[in-house]
Number of protein chains: 4
Amino acid sequence: MEFEESGIGEECGVFGCVAAGEWPTQLEVAQVLTLGLVALQHRGQESAGIVTSNGASPPTYTAHKGMGLVSTAFSPEALTKLRYGNLGICHTRYSTTGISELQNCQPFVVDTLHGKIAVAHNGELVNAHALRKKVMRHGVGLSTSSDSELITQLLALTPPMEELDSPDWVARIKNLMTETPTSYSLLVMFKDVIYAVRDPYGNRPLCIGQLVPISKLHSPAGAQEEDTEGWVVSSESCSFQSIGAKYYREVLPGEIVQISRHGVKSLSVVSRPEGDLPAFCIFEYVYFARPDSIFEGQMVYTVRQRCGRQLAIESPTNADIVSTVPESATPAALGYAEQSGLPYIEVLCKNRYVGRTFIQPNTRLRQLGVAKKFGALTDNFAGKRVVLIDDSIVRGNTISPIIKLLKEAGAKEVHIRVASPPIRFPCYMGINIPTKEELIANKPEFQDIAGYIGADSVKYLTVEGLVSAVQEGIAFHNEKDKMNSNNKSDRKVGHCTACLTGKYPVELEW
Amino acid sequence: MEFEESGIGEECGVFGCVAAGEWPTQLEVAQVLTLGLVALQHRGQESAGIVTSNGASPPTYTAHKGMGLVSTAFSPEALTKLRYGNLGICHTRYSTTGISELQNCQPFVVDTLHGKIAVAHNGELVNAHALRKKVMRHGVGLSTSSDSELITQLLALTPPMEELDSPDWVARIKNLMTETPTSYSLLVMFKDVIYAVRDPYGNRPLCIGQLVPISKLHSPAGAQEEDTEGWVVSSESCSFQSIGAKYYREVLPGEIVQISRHGVKSLSVVSRPEGDLPAFCIFEYVYFARPDSIFEGQMVYTVRQRCGRQLAIESPTNADIVSTVPESATPAALGYAEQSGLPYIEVLCKNRYVGRTFIQPNTRLRQLGVAKKFGALTDNFAGKRVVLIDDSIVRGNTISPIIKLLKEAGAKEVHIRVASPPIRFPCYMGINIPTKEELIANKPEFQDIAGYIGADSVKYLTVEGLVSAVQEGIAFHNEKDKMNSNNKSDRKVGHCTACLTGKYPVELEW
Amino acid sequence: MEFEESGIGEECGVFGCVAAGEWPTQLEVAQVLTLGLVALQHRGQESAGIVTSNGASPPTYTAHKGMGLVSTAFSPEALTKLRYGNLGICHTRYSTTGISELQNCQPFVVDTLHGKIAVAHNGELVNAHALRKKVMRHGVGLSTSSDSELITQLLALTPPMEELDSPDWVARIKNLMTETPTSYSLLVMFKDVIYAVRDPYGNRPLCIGQLVPISKLHSPAGAQEEDTEGWVVSSESCSFQSIGAKYYREVLPGEIVQISRHGVKSLSVVSRPEGDLPAFCIFEYVYFARPDSIFEGQMVYTVRQRCGRQLAIESPTNADIVSTVPESATPAALGYAEQSGLPYIEVLCKNRYVGRTFIQPNTRLRQLGVAKKFGALTDNFAGKRVVLIDDSIVRGNTISPIIKLLKEAGAKEVHIRVASPPIRFPCYMGINIPTKEELIANKPEFQDIAGYIGADSVKYLTVEGLVSAVQEGIAFHNEKDKMNSNNKSDRKVGHCTACLTGKYPVELEW
Amino acid sequence: MEFEESGIGEECGVFGCVAAGEWPTQLEVAQVLTLGLVALQHRGQESAGIVTSNGASPPTYTAHKGMGLVSTAFSPEALTKLRYGNLGICHTRYSTTGISELQNCQPFVVDTLHGKIAVAHNGELVNAHALRKKVMRHGVGLSTSSDSELITQLLALTPPMEELDSPDWVARIKNLMTETPTSYSLLVMFKDVIYAVRDPYGNRPLCIGQLVPISKLHSPAGAQEEDTEGWVVSSESCSFQSIGAKYYREVLPGEIVQISRHGVKSLSVVSRPEGDLPAFCIFEYVYFARPDSIFEGQMVYTVRQRCGRQLAIESPTNADIVSTVPESATPAALGYAEQSGLPYIEVLCKNRYVGRTFIQPNTRLRQLGVAKKFGALTDNFAGKRVVLIDDSIVRGNTISPIIKLLKEAGAKEVHIRVASPPIRFPCYMGINIPTKEELIANKPEFQDIAGYIGADSVKYLTVEGLVSAVQEGIAFHNEKDKMNSNNKSDRKVGHCTACLTGKYPVELEW
């Protein structure tokens, strides 16, 4: 919950779709893109953009971008404009830098010597500063501060610079991957192909789905190859349900996958430095992803539940009931309740209409703080000792009014159990975390965190507990089988816990 | 859940506020009104309006109305315009008639021989048609189809018609109440007073809150009389938490309460025909109200939980897990789980960004239906027998795709348990229910409802079960003590179950 | 020019259209109404509204209203909504009272015992205050401060109040006309008929046009009766050109004309008190109307030219060139030039994009005043003595920066000649004129008006000169011949000059 | 008039402002920029943009861009955001390519190795295609199709590429000017300086103004150096009046002028190939510029008047009156009238509210065509032989309905006299002229143009007549004296008449 209130967030969601078979097909690509994007809306609400291509030679690209939610940014007219596409990519953006302008909206479309490419990405290049200098030293002016423009210019300037009938975009993408190790999940559209790319550390998620006739969506026999109506690629698999796609597989760390009307083909896997493990962001499990998404063969909801169980094992509580700060902490709370044997009881009711209020701050009502968003279900907890599960604590100033609300409404005790470890370090790979100084875990008050936030006790999940809760259910088998290339190397397991431990997957250059 | 999908809804929410003490006070009435309205947003999302009064003689009224959510309809500029008010009333509207226009927005402000009055109401006059004719026969033209305009004109035309220094609005309100028995909860603002009125049957809710300093909001000693910063009146008490108000009491059926800077005063209680019981809408408990609201001394959440328990007693199931169609059915599901001893497990994840989609209907994706809104938490139920609790079934066409989704994702059995009885009759008192023919309970298919919707079994709560779940927790004591008049008659208990039984509280005239 | 800058303006424009022949016809009534309204836009830019009727029994009315220019207020969607109308009326509004809200937009649609009527009017009831009291004493609440609502309620409340198959609206309109002598040009739509009404003094204009096939629009033979595609009624005939209509005739003072699919029929002429002359607003000629409109058989442009000639006769000037403050004074300037023999030379160029600037006032640039709107055509007048014609001077503070601009750019002398007399009195009949105190002609500075505004000399047209310039070209013959009733009384000539002379057409009651 | 209707237009207007003296100063640069832009609105209504710089090291740039008119694109909030600038440049755009998107809005801001620059330009690079290839071959991706982005990338990539404290932007601009001969008037802002540049052929206009206290604006003594409040640079001098600036001088063909808080300094004049004359666009005189603008020492209005006189000499007419198609042809019409001795009489009245109508085309009303925009002042010309002056004829399909309108309203004869020669060739230097095939002068119908458009006769001004009318009043003396450099070469006279003669100032490469 604190994450939501702290303005912390994932940088973006990316989504792409290619209609299968001979074009034009029946598949309404623009609709699939829009609905796919809506399903990734939790990854970014600042702006949204779609670019479709007719796949012809030379291709015609159609773009529409807008500020705000997909439902605000896209009108029926915009969809009409986009509908003549046989493939397309799209993007929903969370502003990490505070510069919230239309020109930073993705996807970026750029005209190069070899034709137009469109790029959408999720992540943050750890060496962006050095790369910007490099590009500018080559004489390129950069019109935005976004990594996406930087990526497109890097793709454009790779030599040799001569007009070709079939430019080798894969070589250029590989070259880009040698220039920057992490963090990016990338979609590059050129003419009639989408290249789906994950950085060698696999820091950001990316997976592939198969569009089949709705009637065959859940058929036990499974859809046949010839049933395929198209392919989608997405930051999260939760989007597949909304559009009638079956989960196919993840893009592997370092992998470049080509998606075209002819199918899905793994082109290459760029390797990490010897000895380095993958570094998939562990906070995708803890907070960012939608609970019905699947990463590394396991459902996010199940991982959160395991975190709750592990928390109950590590930090049992002498209490009457277990509850949740709705809605993100609920799986962990149910896990804690199950493990501890305490009953799961709801204590708070969320008002989903209280959003960003436009009311000015200098008022009596401000004192109510985040408690404005919640109604206390008094009868459920009056006189009781409550274990309240939250998914994370960042600054420590949003859980506090909730504890106060519960206590004043009659809770006998309020024990906070946090289903993740304390956040102590900034993220340089795409997550907007406050500066080290603002993190409660780095403040003197952390010594008496319970007193500071007004709880009777506060306990966090350990890093080891989190890692084991995440890793115990990983199952990769499907992915390997579906790689239609020879690079079927054994898949390693590893997660980025930098914000918890300070151990970054790569050395940071500035 | 079905209610939400069926476009069924409560007609409106009303809210008012008066600053206590000598004016101008510190209390920012326009802010309180706005936040109070946001907390009633679930009762109507079509339009919103606020009217404030400076309370002077003659008063200056300031009004702002707009289409859509409060956050859309009200800008900071609008709030600035309204801020010079010492009191005000507001309204959020659910369109029952399909005529969605700004001119139907409430509150209505009308200039009469005795000065301007502002009126906001929730409900539907059962004899509106006859009253319109009566008013028009008197020579009045009506510019809208709304009951609110009708009410204001009825208040205006009561004789005797001569200019007075102190017009007797209470007499006019009483006269109105003799003209129309139900259904209305009404706020009438005149100069420096708000009259809060419930119809004699108490069909729609209305309650009063006391604004105290935030610091004393939950103090065990309680706020003293002299601490009062103002008074609020609201369709539901859930709004009090958002603005820092304490629950004070309900307005009684038939009661006229005067709220002014000097306090709250019960002026009169208009009685029902002898032998008639009150008829508070039982669906406020079942579906409309927010779970943290209090009616008749009990929390709505608790009533829903009891409905779930009663349902488990009436219709036990041989199954593995109990779950909910999020979010409205959750209290009932938890009640059912507790009573039945089966574990409560979440099976569906809701995408809160999938709203009214602007995508045109003739597409492949339409077949997905309401399932687009949900992600299946497959690992939680694959291979299991699921009891799925829903709060109501109206047309029967929205639960069906969810059952299909669960089954195809691996549920062994899906048993539907509905925490309310079948709806068989239309409502003429403010709830937008489809015609009798459209209600699944009146169709031949209802004989095999389980087969029709694809469930393994379907059971409803009985009417008796619902009524007893509602009535067993009623506690009126507070209200009676706080009536500062002599009308402290014993309060009767009674609920309108017309949509379930066809027994309307009053005879319907057409 | 001063008029424009002074925020003075006409209250409104009204327009109506009925398709001829059997319905549905080919004529797109909603388009005709929209274009007609655009052509009356100079009479009001605050809001616009259209109501169409399908003419059935009972009729379905469709309304759309919006703030701002017609092009802002009406989208293609709005037109689509309105297009199923066979007839309709519309209105464009100039805010006289400063209360600029959507609810004051016309036309008003009101449901009465006899069905729905729609009303649009131009003018201001001189006895509005007394009539409001009367209506409210009858028990009617008024929801706006507009005369239009008052008119509809007056039409609604006329007894006898019983439901009738054919209510006598004409009797009700006549009754209204006995209650209020002036000022109104009124369109009342009921089912399949528009009643077009001018008050007995004919204070506001109203005329009728005939829609014919575009190909026959200017045919010398003229369109035949059977060619008629529809009828339009408008505040000004300038709108006819935009929609392909031929000028048919004026509605006479006091006349009620019925316009239906069957044609145009004069129903009645309500007479003035004996001895009273008509009082058509003389400022329609001076400033308000578009120059290509026709009143009383003569073109407005021609009248303005005559005013210029008369001014040259009354106030000749020893100068080199004659010029205009563009654009409204140009006909008078050309008239002055012709009469005086001096050359007509342009000295100012208008920037038509400088509108209401949103730039805050406390700046260096404010000193430029209205001169911001004009570019000086220096080469045309440097070293010359300029006669500058303006159509009127109201407060005297807008001509002043123009004179300064010309002088500083090199004009040797600037002589102001005003093509109308000084305004000394307020208007109570629909024109928004400042209070008496604000009028320059009532201030001490008027003694040395030339010095005050920085001119070398200032002369006004005399009242007698204006009246003779207006009346010498009047020609009524057409109208009389086309009255298909017996009331072919000789038409009298008379104009309201109240703002110049203080002689109001009727005694003012308060 | 035809130009306006034909969708032909100038590509853009540019404007810049620098506050003089020590910063921060009193001058509100953002206001000056906005008003300056409004005064150039006739040069482009598609989009508008402003970029301000605080002039610090490194500078902070603030940008705002929007679609539509300045008044639409800029809100008070946008101005507030921009107000901390000590200097700034802005741009109003006319869409030549039909791709109307926010990302094509100027000014462009680009981050380079040497810091951020902002660029606004008017014109079209004749060798844009080759330059795009060149830039892309260097490995740069281009995100728009606009020349402005191309110019910024060309400025950025000039070697040597190493970080410098004082990058030599002037050298880079000179380098750019050797790469592309025409057509551009360019503003480049870097930190605290604006470079104002005209291409060596001077194809597009650019001039400088001096901001002085309003009180000294027209003082005969003239403002002193020390009075200077700031400097402005503008496509046209007509903007100076709106902001209280004095005309200072033109930027010369090929000149680079540096404008800073310290004043105006000519840095360099890049020369044309030997023997080439300047090629200032002659249509700036004929149609594009506002009549009160000054080019080459003469007022545009005066040139148009001379064109009218010349036309009367070349093509006298046996007629009764001379008139204009308002408003652009009026100076020529007055010139014709004066030369011919025929009276100048207005025959058409323009409805300024009829803009781009949103009404769909397939209707009866379409037949009215452009005549919808005009009212006929019938009494002024009935029975008369009219000489109607227009400024240009492009496709020949818009003058035709006007002639029809006049004839049907009673004109005895209508003789068209066009104050410019027939347009026969496309423009590749920034003016959006239809393809050769669409130009009426290249069609067979041109043989009988009078018959084709329904006129009694049609005559055009000759190319020689136009050139002499333009060149006879040129006076350069001021400019030369104010060049504070040594490059005071004699200024040559020459104009681009390519669209009339096919003689382009430079050879066109493709």
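An unreviewed UniProt entry annotates chain A as Amidophosphoribosyltransferase originating from Oreochromis aureus. The record held by UniProt for chain A lists under Pathway (unreviewed entry) the comment "Purine metabolism; IMP biosynthesis via de novo pathway; N(1)-(5-phospho-D-ribosyl)glycinamide from 5-phospho-alpha-D-ribose 1-diphosphate: step 1/2."

A. Representation of the overall build of chain A. A count of helical and extended segments in chain A gives 16 helices and 23 strands. Going through the 510 residues of chain A one by one, you find that 59% of them count as buried. In chain A, of all internal contacts separated by at least 6 residues, the share reaching a separation of at least 24 is 73%.

B. How the structure looks around the UniProt feature "binding site: Mg(2+)" (unreviewed entry) in chain A. All names here are of chain A. The feature "binding site: Mg(2+)" (unreviewed entry), as given by UniProt, occupies Ser328, Asp390 and Asp391 in the numbering adopted here. Separation in sequence by 64 residues is not matched in space for these annotated residues, since their most distant C-alpha atoms are only 8.0 Å apart. Relative to the elements of secondary structure, Asp390 occurs in strand β20 (residues 385–390). Topologically, Asp391 is positioned in the loop between β20 and α12 (399–408).

C. Quick peek at the interface of chain D and chain C. In this assembly, 47 residues from chain D lie in contact with 48 residues from chain C. Elements represented by at least two residues in the side of chain D that touches chain C include exactly α2 (29–38), α8 (238–243), α10 (300–314) and β19 (374–376) of chain D. Of the residues that constitute the side of chain D that touches chain C, the class distribution is 23 nonpolar, 16 polar and eight charged.

D. Structural detail: the environment of Ile433 of chain D. Assignment of secondary structure puts Ile433 of chain D in the loop between β21 (413–418) and α13 (449–453). Along the chain, Ile433 of chain D and Leu87 of chain D lie 346 residues apart, while their C-alpha atoms are 35 Å from each other.

E. Highlighting the relation of the copies chain D and chain C. For the pair chain D and chain C, the relating rotation is 180°, the translation along its axis is 0.0 Å, and the fit reaches an RMSD of 0.0 Å. Expressed as an axis order, the relation between the two copies is that of a two-fold axis. Comparing interface residues between copies, 100% of those in chain D also sit at the interface in chain C, which points to an isologous, same-surface contact.

F. Representation of the UniProt feature "binding site: [4Fe-4S] cluster" (unreviewed entry) in chain A within the structure. All names here are of chain A. Per the UniProt entry, the sites bearing "binding site: [4Fe-4S] cluster" (unreviewed entry) are Cys281, Cys427, Cys496 and Cys499 in this numbering. Spanning 219 residues, the named residues form one tight spatial group whose C-alpha atoms are at most 10.1 Å apart. When you line up the elements, Cys281 lands in strand β14 (residues 280–281). Of the residues examined, Cys281 has 28 C-beta atoms within 10 Å and is grouped as buried. With residues up to four places along the chain from it excluded, the contact list for Cys281 reads Asn203, Arg204, Met429 and Cys496. When neighbours within four sequence positions are excluded, Cys499 is seen to be in contact with Phe283, Ile423, Phe425, Cys427 and Ile433.

G. Inspection of the sheet that holds strand β1 (residues 12–19) of chain A at higher detail. Residues and elements named next belong to chain A. Here seven strands make up an open sheet; going across it, the order is β3-β2-β4-β1-β10-β9-β11 and the pairing antiparallel. With one partner strand each, in any of the chains shown, β3 (61–67) and β11 (245–250) form the two edges of the open sheet. Each adjacent strand pair in this sheet contributes to an overall mean axis angle of 15°, direction not counted. As paired elements, strand β2 (residues 47–53) and strand β4 (residues 87–93) share seven bridges and run antiparallel to each other. Looking across to β4, one finds that Ala48 is bridged to Thr92. The strands touched by helix α2 (residues 29–38) within the sheet are β1, β2, β4 and β10 (230–234), with β1 carrying the most contacts at an inclination of about 155°.

H. Region of the structure containing the interface of chain A and chain B. The interface of chain A with chain B comprises 47 residues on the first partner and 47 residues on the second. Breaking the side of chain A that touches chain B down by element, the ones donating at least two residues are α2, α8 (238–243), α10 (300–314) and β19 (374–376) of chain A. Its residues placed into classes, the side of chain A that touches chain B shows 23 nonpolar, 17 polar and seven charged.

I. View of the relation of the copies chain A and chain B. Mapping chain A onto chain B calls for a screw motion: a turn of 180° about the axis and a shift of 0.0 Å along it, with 0.0 Å RMSD after fitting. When the interface residues of chain A are mapped onto chain B, 100% of them again lie at the interface, so the same face is used by both copies.

J. Here's a closer look at the pairing of strand β7 (residues 184–190) of chain D. Residues and elements named next belong to chain D. The buried fraction of β7 amounts to seven of the seven residues, a majority that puts the element mostly inside the structure. Burial of the side chains of β7 extends over both faces: Tyr184, Leu186, Val188 and Phe190 are buried on one face and Ser185, Leu187 and Met189 on the other. Bridge analysis of strand β6 (residues 115–123) against β7 gives seven bridges, and the strand direction is antiparallel. Directly across from Val119, in β7, lies its bridge partner Val188. In sequence, β7 turns back onto strand β8 (residues 193–198) through a hairpin of two residues, with Lys191 there showing a positive phi of about 55°.

K. Focus on the domain arrangement of chain A. All names here are of chain A. Assigned domains within chain A: domain 1 (2–296 + 491–501) and domain 2 (303–351 + 363–467). The straight-line distance from the C-alpha centre of domain 1 to that of domain 2 is 34 Å. Contacts between domain 1 and domain 2 engage 31 residues on the former and 29 residues on the latter. Mapped onto the side of domain 1 that touches domain 2, the elements with two or more residues apiece are α1 (2–6), β6 (115–123), α9 (283–288), β23 (495–496) and α16 (498–501). Of the residues belonging to the side of domain 1 that touches domain 2, the class tally is 14 nonpolar, 11 polar and six charged.

L. A look at helix α5 (residues 128–137) of chain B. Residues and elements named next belong to chain B. Along α5, the residues that are buried comprise Leu131, Arg132, Val135 and Met136. Buried residues of α5, viewed axially, fall in a sector of 130°; they line one side. Positive phi appears at Gly139, one or two residues downstream of α5, with a value of about 100°.

M. A look at the environment of Ile393 of chain B. Residues and elements named next belong to chain B. The residue Ile393 is located in the loop between β20 (385–390) and α12 (399–408) in this model. For Ile393, a count of 27 C-beta atoms within 10 Å translates into the label buried. Along the primary structure Ile393 and Glu408 are separated by 15 residues, whereas in three dimensions their C-alpha atoms are 22 Å apart.

N. Here's a closer look at the packing of helix α6 (residues 147–157) of chain C against helix α7 (residues 169–179) of chain C. All names here are of chain C. Here α6 crosses α7 at 120°, and the two axes come no closer than 9 Å. The orientation of α6 with respect to α7, classified from their angle, is oblique. Of the two elements, α6 crosses α7, and the hand of that crossing is right-handed. Residues Ile151, Leu154 and Leu155 of α6 pack against Arg172, Ile173, Leu176 and Glu179 of α7. Each residue belonging to the contact of α6 with α7 can be placed in one class, and the counts come to five nonpolar, no polar and two charged.

O. Region of the structure containing the sheet that holds strand β13 (residues 263–269) of chain B. Residues and elements named next belong to chain B. Strand order in the open sheet made by the six strands is β5-β6-β7-β8-β12-β13, with antiparallel pairing throughout. On the outer flanks of this sheet lie β5 (108–112) and β13, each paired with one strand and no other. Here the strands of the sheet are splayed against their neighbours by 20° on average, with no regard to which way each runs. Pairing geometry for strand β8 (residues 193–198) and strand β12 (residues 255–260), over five bridges, is antiparallel. By the bridge assignment for β12, Val193 is matched with Ser260.

The rules we used
- Residues numbered from 1 in each chain as written.
- Chains lettered and ligands numbered in written order.
- Predicted model: local features only at pLDDT ≥ 70, side-chain atom pairs only at ≥ 80, totals over all residues.
- UniProt positions renumbered as here; feature names shortened; annotations may be inferred.
- Helix = DSSP H or I, 4+ residues; strand = E, 2+ residues; numbered from the N terminus.
- Buried ≥ 20, exposed ≤ 12 C-beta atoms within 10 Å, placed from the backbone.
- Contact = placed C-beta atoms within 7 Å.
- Nonpolar A, V, L, I, M, F, W, Y, C, P; charged D, E, K, R; others polar.
- Least-squares fit on C-alpha atoms with pLDDT ≥ 70 in both.
- Pairing = 2+ DSSP bridges.
- Axes fitted to C-alpha atoms, helices over the stretch in contact; angles between N-to-C directions.
- Domains from an automatic or database assignment.
- Arc of directions from axis to C-beta.
- Parallel < 35°, antiparallel > 145°, perpendicular 65-115°, else oblique.
- Left-handed = near helix turned anticlockwise from the far one by under 90°.

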